[in-house]
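# Analysis of the macromolecular model
If you want the building blocks of each chain, they are given just below.
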Amino acid sequence: MTKAEWRDWARANRSAANTDAVLHRMTALPEWCAARHVLLYYSLPGEIEAERLAETGGDKRFYLPRTAPGRRLAVVPFVLGETPLVTNRWGLVEPAPDLPNVPPATLDLVIVPA
């Protein structure tokens, strides 16, 4: 498949997915259970709402990516409903630029949209 065909396939399957069911299945995975530092993404319309995983709490710490200068990835601590968010020039929601970063090596698990 081409990259465009994969994107079309993912969009079609993602739109049919139930966020609650997907998040429930994710939190039952052994990788989720073992992780303590989890990078999430802030969903776009039609995507699984991964940011809701931050509601699970417990002993996990959550993070969101932010585009840093030079289009590098920055990892920023995230607390749902508390972390100031902005919309970047590409229309993605990310932590405000003045928030501190943590080293990416801090992460145990990375959740990505697909």
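As shown above, the structure is provided for reference.
Overview of the structure. None of the values given here were measured: they were computed from a predicted structure. (Residues numbered from 1 in each chain as written. Predicted model: local features only at pLDDT ≥ 70, side-chain atom pairs only at ≥ 80, totals over all residues. Heavy atoms only, no water.)

### Quick word on the overall build of the protein chain
Along the protein chain, the regular secondary structure elements total 3 helices and 6 strands. When the helices and strands of the protein chain are read in sequence order from the N terminus, they spell out α-α-α-β-β-β-β-β-β. Its C-alpha atoms give the protein chain a radius of gyration of 15 Å, within 12% of the compact-globule value 13 Å for 114 residues. In terms of overall dimensions, the protein chain has C-alpha extents of about 40 × 35 × 25 Å along its principal axes. In the protein chain, which comprises 114 residues, the share counted as buried stands at 32%. For the protein chain, restricting intrachain contacts to residue pairs at least 6 apart in sequence, the fraction spanning at least 24 positions comes to 57%. Summing over all exposed atoms, the protein chain offers an accessible surface of approximately 7400 Å²; the carbon and sulfur share of this is 56%. When the 13 positive and 13 negative side-chain charges of the protein chain are each reduced to one mean point, those points stand 6 Å apart. (Helix = DSSP H or I, 4+ residues; strand = E, 2+ residues; numbered from the N terminus. Rg over C-alpha atoms; globule rule 2.2 N^0.38 Å. Buried < 20%, exposed > 50% of the residue type's maximum accessible area, 1.4 Å probe, protein only. Contact = heavy atoms within 4.5 Å. Areas by Shrake-Rupley, 256 points an atom, 1.4 Å probe, with all protein chains shown as cover. Lys, Arg positive; Asp, Glu negative; His and termini not counted. Charge placed at Lys NZ, Arg CZ, Asp CG, Glu CD.)

### A short note on the sheet that holds strand S2 (residues 61–68)
Pairing is mixed across the open sheet formed by 4 strands, whose spatial order is S3-S2-S1-S6. In the strand order of this sheet, the two ends are held by strand S3 (72–78) and strand S6 (109–110), each with one partner. (Pairing = 2+ DSSP bridges.)

### Considerations on the environment of Pro95
When you line up the elements, Pro95 lands in strand S5 (residues 93–95). Given the relative accessible area of 0%, Pro95 is considered buried. Other than its neighbours up to four places away in sequence, Pro95 contacts Leu64, Pro65, Arg66, Val76, Thr83, Pro84, Leu85 and Val86.

### Overview of the side chain of Lys60
As for its position among the elements, Lys60 is in the loop between strand S1 (37–39) and S2. Look at Lys60: it is buried, it has no salt bridge, and the nearest opposite charge is Asp59 at 4.9 Å. In this structure the side chain of Lys60 is engaged in a polar contact, spanning 2.6 Å, whose partner is the backbone oxygen of Trp32. A distance of 2.7 Å separates the side chain of Lys60 from the backbone oxygen of Ala35, its partner in a polar contact. Not counting residues within four places of it along the chain, the set of residues in contact with Lys60 comprises Trp32, Cys33, Ala35, Arg36 and Val38. (Salt bridge = Lys/Arg side-chain N within 4 Å of Asp/Glu carboxyl O. Polar contact = N/O pair within 3.5 Å; in protein donor to acceptor, adjacent residues only side chain to side chain.)

### Structural notes on the environment of His24
Mapped onto the elements of the fold, His24 is located in helix H2 (residues 19–27). For the pair His24 and Leu53, spaced 29 residues apart in sequence, the C-alpha to C-alpha distance is 9.3 Å.

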